[in-house]
Amino acid sequence: MQATNIKRQISADAIKNEIASKIDAACFSSWINPLNFEIENSVLVLSAPNQFTADFVSATYSNIINAVAANYGLSVLVRVGMAKPVVVRSANDNNVQTY
C-alpha cells in the first residue's frame, strides 16, 4: 500500500531533476531540458521537438533515462512532437504563427 502512494506522488520534474544530476550540465540543457516530460499510465513520455533530437536522446541517454524511470516503476517512450503548440511572434510584423 505504501508503494502505491509513492507512485502517485511521482512528478515529471523530480525525474527530470534526477536525470540532471547524472549527466553533464551542458548536455542536460542542450538535449534533455528542451524535452517535454509527462507521465501517462506508468510510462514516462518524453516529447522531442524533432526526429533528430528524439533519435539522439534515445541513442545517447537511454541507459540513464531508463534507469531513473525504472526507479519510479516507469517505462520510457521517446516521441516526436511537443504536447503544447508554441506561438511565435515575429519582431518585424504582427503575424502570429502556431507550430
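Rules used throughout
- Residues numbered from 1 in each chain as written.
- Predicted model: local features only at pLDDT ≥ 70, side-chain atom pairs only at ≥ 80, totals over all residues.
- Heavy atoms only, no water.
- Helix = DSSP H or I, 4+ residues; strand = E, 2+ residues; numbered from the N terminus.
- Buried < 20%, exposed > 50% of the residue type's maximum accessible area, 1.4 Å probe, protein only.
- Contact = heavy atoms within 4.5 Å.
- Areas by Shrake-Rupley, 256 points an atom, 1.4 Å probe, with all protein chains shown as cover.
- Pairing = 2+ DSSP bridges.
- Right-handed = clockwise from strand over helix to strand, strands pointing away.

Peer 1: Outline the overall build of the protein, listing residues and values.
Peer 2: Scanning the protein for helices and strands turns up four helices and five strands. Each helix and strand of the protein, placed in order from N terminus to C terminus, yields the pattern α-α-α-β-β-α-β-β-β. Taking all 99 residues of the protein together, 24% fall into the buried category. Within the protein, contacts between residues separated by at least 24 positions form 59% of all contacts whose residues are at least 6 apart in sequence. Only carbon and sulfur atoms are counted for the fraction: they give 50% of the accessible area of the protein, which is about 6,600 Å².

Peer 1: I'd like to hear about the side chain of Thr 53, residue by residue, with values.
Peer 2: Tracing the chain through its elements places Thr 53 in helix H4 (residues 51-71). Exposure remark for Thr 53: the relative accessible area of 10% places this residue in the buried category. Setting aside residues no more than four positions away along its own chain, Thr 53 makes contact with Trp 31, Leu 35 and Ala 48.

Peer 1: Kindly report on the pairing of strand E3 (residues 75-80), identifying the contributing residues and their values.
Peer 2: Strand direction decides the pairing type here: strand E2 (residues 43-48) and E3, joined by six bridges, are parallel. Bridge pairing links Ala 48 to Val 80 in E3. Read as a crossover between parallel neighbours, the route from E2 over H4 to E3 is right-handed.

Purely spatial values, then, with no claim about function.
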